[in-house]
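# Notes for the structure review
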Amino acid sequence: MKQLYPVIKRIMVIILGFAWGSVSFFWLGYSILTLGNLMEEPGSIDYVVEGESMRVYGLLGCVLYIIFFVPILCFLHKRHNLYIFLIAMILGGIVQGIYLFAGFK
């Protein structure tokens, strides 16, 4: 049983990293797009009307992401699982990007 515990722990870290990467792809992506007001075309009515509020929401999204992400990194760094988490997180984001942009139907 003691030999199985580290394997289960690493599998949980991989699942957490994959899930966090999937969430990060949309959460951080949307926040960055709204922070730069890249969602609307310059000169459009939405760009002018929602310009400043979109930037505020984008900044708020980035700050909230950092508030949630930094404690997870610190916790995993202490447990020596940080690299496994980051690799799984990148893979989770890549899978979401492929799904979104390739449009599997």
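Rules of the game
The written sequence of each chain sets the order in which its residues are numbered from 1. Where totals are concerned, whole chains, interfaces and linings use all residues; where local detail is concerned, this predicted model gives features only for residues with pLDDT of at least 70, and gives and counts side-chain atom pairs only at 80 or more. With hydrogens and water set aside, each side-chain value is computed from the structure's full complement of heavy atoms. Helical segments are the DSSP runs of H or I of at least four residues, strand segments are the runs of E of at least two, and each set is numbered from the N terminus. To estimate the expected span of a helix, subtract one from its residue number and multiply by 1.5 Å. The rule is simple: take the accessible area with a 1.4 Å probe, protein chains only, and divide by the maximum for that residue type; under 20% is buried, over 50% is exposed, in between is partly exposed. Angles shown run from 0 to 180 degrees and are taken between the N-to-C directions of axes, each axis being a line fitted to C-alpha atoms and, for helices, limited to the stretch in contact. Each angle is binned into one of four classes, with values under 35 degrees roughly parallel, values over 145 roughly antiparallel, values of 65 to 115 roughly perpendicular, and all other values oblique. Here a crossing is taken to be left-handed if its near helix is turned anticlockwise relative to the far helix by less than a right angle, and right-handed if that turn runs clockwise. By the convention used here, residues are in contact when the closest approach between their heavy atoms is within 4.5 Å. Any residue that is not Ala, Val, Leu, Ile, Met, Phe, Trp, Tyr, Cys, Pro, Asp, Glu, Lys or Arg is counted as polar, Gly included; the first ten are nonpolar and the last four charged. Aromatic pairing here means that ring centres of Phe, Tyr or Trp (its six-membered ring) are within 6.5 Å. Orientation follows from the plane angle: under 30 degrees is stacked, over 60 is edge-to-face, and everything else is tilted. Excluding any residue in a salt bridge, patches collect residues exceeding 30% relative accessible area, merging like charges within 9 Å and nonpolar Val, Leu, Ile, Met, Phe, Trp and Tyr side chains within 5 Å. Reported accessibility uses the Shrake-Rupley method at a 1.4 Å probe radius. Residues are deemed covered only where the shown protein chains occlude them. Salt bridges are defined by distance alone: a side-chain nitrogen of Lys or Arg within 4 Å of a carboxyl oxygen of Asp or Glu. Asp and Glu count as negative and Lys and Arg as positive, but His and the ends of the chain are not part of the count. Just so you know, the charge point we use is NZ for Lys, CZ for Arg, CG for Asp and CD for Glu. Side-chain atoms within 4.5 Å are what join buried Ala, Val, Leu, Ile, Met, Phe, Trp, Tyr and Cys residues into a set we call a nonpolar core.

Attention now goes to helix α4 (residues 82–103). For α4, which comprises 22 residues, the first-to-last C-alpha distance of 31 Å matches the rise-based estimate of 32 Å (1.5 Å per residue) to within 8%. Residues of α4 that are buried include every one of Leu82, Phe85, Ala88, Met89, Gly92, Gly93, Gln96 and Gly97, and no others.

Taken N-terminus to C-terminus, the directions of helix α1 (residues 4–35) and α4 make an angle of 45°; their axes are 6 Å apart at the nearest point. Taken together, the axes of α1 and α4 are oblique relative to one another. At the point where α1 passes α4, the crossing takes the right-handed sense. Residue-level contacts link Arg10, Val13, Ile14, Leu16, Gly17, Phe18, Trp20, Gly21, Ser22, Ser24, Phe25 and Phe26 of α1 to Ile84, Phe85, Ala88, Met89, Leu91, Gly92, Gly93, Val95, Gln96, Gly97, Leu100 and Phe101 of α4. Tallied by class, the residues present in the contact of α1 with α4 amount to 15 nonpolar, eight polar and one charged.

Another point: the packing of aromatic side chains. To describe a pair of aromatic rings, one takes the distance between the centres and the angle between the planes. For the coordinates displayed, the defined rule picks out eight aromatic pairs. Aromatic side chains Phe25 and Phe101 sit 6.3 Å apart centroid to centroid with 75° between the ring planes, which places their arrangement in the edge-to-face category. Here Phe101 lies in helix α4 and Phe25 lies in helix α1, a separation of 76 residues in the sequence. Seen from their ring centres, Trp27 and Tyr65 are 5.5 Å apart, and the 90° between their planes marks the pair as edge-to-face. Within this pair, whereas Trp27 is found in helix α1, its partner Tyr65 is found in helix α3 (residues 51–78), the two being separated by 38 residues in sequence. Linked through ring pairs, Trp20, Trp27, Tyr65, Phe68 and Phe69 together constitute an aromatic cluster.

A contiguous patch of positive charge, built from Lys9, Arg10, Lys78 and Arg79, is present on the exposed surface. Mapped onto the elements of the fold, Arg79 is located in the loop between α3 and α4. Using a relative accessible area of 44% as the deciding quantity, one classes Arg79 as partly exposed.

So, about the nonpolar core. Nonpolar side chains in soluble globular proteins tend to end up buried together. Counting residues in hydrophobic clusters, the biggest one holds eight residues: Val13, Trp20, Tyr65, Phe69, Leu76, Leu82, Phe85 and Met89. Sorting the residues of this core by element identifies α1, α3 and α4 as the ones contributing at least two each. In contact with Phe69, not counting residues within four places along its chain, are Trp20, Phe85, Leu86 and Met89.

Don't take any of this as a statement about function, it's just geometry.
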